[in-house]
Amino acid sequence: MFAVGPNSKNITFTISENDRVELLMQDIDLIFHDFIGQLNFETKKLKTNQVYNYNTASGNIKSCSLNYKIN
């Protein structure tokens, strides 16, 4: 879940070397879940213990900030 303002929370998960990561963003409602965006990346070319950042807004994604590292 993503929120802006006083209800904002961080999402934490573990990724490893040679993983393929797929993030799907949806606006979840009672009747219909709206597709907002999707981000895919692979970790095989990334360095261990280096923090990477993705903050490119595009399409329906107006604001985003993703920090990640390979453990």
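Residues numbered from 1 in each chain as written. Predicted model: local features only at pLDDT ≥ 70, side-chain atom pairs only at ≥ 80, totals over all residues. Heavy atoms only, no water.

Draft legend 1. Main features of the nonpolar core. Core analysis: the biggest nonpolar cluster contains nine residues, these being Ile 15, Val 21, Leu 39, Phe 41, Leu 46, Tyr 52, Leu 66, Tyr 68 and Ile 70. Listing elements by their share of this core, those giving two or more residues are β2 (34–42) and β4 (66–68). Beyond its immediate sequence surroundings of up to four residues, Tyr 68 is in contact with Ile 15, Phe 41, Leu 46, Gln 50, Val 51 and Tyr 52. (Core = buried A, V, L, I, M, F, W, Y, C linked by side-chain atoms within 4.5 Å. Buried < 20%, exposed > 50% of the residue type's maximum accessible area, 1.4 Å probe, protein only. Helix = DSSP H or I, 4+ residues; strand = E, 2+ residues; numbered from the N terminus. Contact = heavy atoms within 4.5 Å.)

Draft legend 2. Examining the environment of Ser 65 more closely. Secondary-structure assignment places Ser 65 in the loop between β3 (52–54) and β4. In this structure, the C-alpha to C-alpha distance between Ser 65 and Tyr 54, residues 11 residues apart in sequence, is 5.9 Å. Contact partners of Ser 65, with chain neighbours within four places excluded, come to Asn 53, Tyr 54 and Asn 55.

Draft legend 3. Here's a closer look at the packing of aromatic side chains. Applying the stated criterion across every chain yields a total of two aromatic pairs. When the ring of Phe 41 is compared with that of Tyr 68, the centres are 4.4 Å apart and the planes differ by 25°; the resulting orientation is stacked. Here Tyr 68 lies in strand β4 and Phe 41 lies in strand β2, a separation of 27 residues in the sequence. By relative accessible area, Tyr 68 is classed as buried at 15%. Where Tyr 52 meets Tyr 68, the ring centres are 5.7 Å apart and the plane angle is 20°; that geometry is what we call stacked. Of this pair, Tyr 52 sits in strand β3 while Tyr 68 sits in strand β4, placing them 16 residues apart in sequence. A relative accessible area of 17% means that Tyr 52 is categorised as buried. Grouped by ring-pair contacts, the aromatic residues Phe 41, Tyr 52 and Tyr 68 constitute a single cluster. (Phe/Tyr/Trp six-rings, centres within 6.5 Å; stacked < 30°, edge-to-face > 60°.)

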